[in-house]
Amino acid sequence: MKKPAALPTAQAGFFPNADAQNSIARPAKFHGTDNPRELRALALLLRRPSVPREALDREVGCANGPDLIARLRSYGLGDEHLPCTRIEVIDRDGTSCRPGVYWLTAQGRRAILQWIRKRAEGARGKRAR
């Protein structure tokens, strides 16, 4: 019996055109969310340089990762700041497939961190009253 193929580990600099993204044309402005599933996805994307779709589904607790990513993109990140790169792998049956790997650009990461900071400041202001 063949051993299942391991998912490749994607690291910063793994994608050949990661820095070639034209993300300057539309700056990232993340509007935020209060959905717990989306917050787990953001935490995962901030914690890891890239996230395969299967890992996103498993760790966030959803069955349709692409729909969740589409919602995050609609909050201001867009395809430019939360891209999906297709990679070539061989699955456990020896068949070539192209799973998607999600990652944040530097601008996308910065926009999310700014939103988190503003959210934390707002929460502190409410407690002080």
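What comes next is a walk through the structure. Starting afresh in each chain, residues are numbered from 1 along the sequence in its written order. Reporting of local features is limited, given that this is a predicted model, to residues whose pLDDT is at least 70; pairs of side-chain atoms are given and counted only at 80 or more, and all residues count toward the totals for whole chains, interfaces and linings. The side-chain values count all of the structure's non-hydrogen atoms but skip hydrogen atoms and water molecules.

**Description of the packing of helix 1 (residues 36-47) against helix 2 (residues 53-60)**
- Helix axes use the C-alpha atoms of the stretch in contact, all axes being lines fitted to C-alpha atoms, and the angles between their N-to-C directions lie in the range 0 to 180 degrees. Helix and strand definitions follow DSSP, with helices as H or I runs of at least four residues and strands as E runs of at least two, each counted in order from the N terminus. In contact at an axis separation of 9 Å, helix 1 and helix 2 are set at 130° when each is read in the N-to-C sense. One way to sum up the angle between helix 1 and helix 2 is to call them oblique. Judged by the sense of rotation from one axis to the other, the crossing of helix 1 with helix 2 is right-handed. Contact residues: helix 1 offers Arg 37, Arg 40, Ala 41, Leu 44 and Arg 47, while helix 2 offers Ala 55, Leu 56, Glu 59 and Val 60.
- Looking at the contact of helix 1 with helix 2 residue by residue, the class counts come to five nonpolar, no polar and four charged. Reported orientations rely on four angle classes, namely roughly parallel under 35 degrees, roughly antiparallel over 145, roughly perpendicular from 65 to 115, and oblique for the rest. In this scheme the crossing of two helices becomes right-handed for a clockwise turn of the near helix relative to the far one and left-handed for an anticlockwise turn of less than a right angle. Here, residues are in contact when the closest pair of their heavy atoms is within 4.5 Å. Note on residue categories: nonpolar means Ala, Val, Leu, Ile, Met, Phe, Trp, Tyr, Cys or Pro, charged means Asp, Glu, Lys or Arg, and polar means any other residue, Gly included.

**Some details on the packing of helix 2 against helix 3 (residues 65-81)**
- Running from N to C, helix 2 and helix 3 point in directions that differ by 85°, and their axes come no closer than 9 Å. Comparing their axes, helix 3 and helix 2 come out roughly perpendicular. Taking contact as the criterion, the partners of Arg 53, Leu 56, Asp 57 and Val 60 in helix 2 are, on helix 3, Gly 65, Pro 66, Leu 68 and Ile 69.
- Classifying every residue of the contact of helix 2 with helix 3 by side-chain character gives five nonpolar, one polar and two charged.

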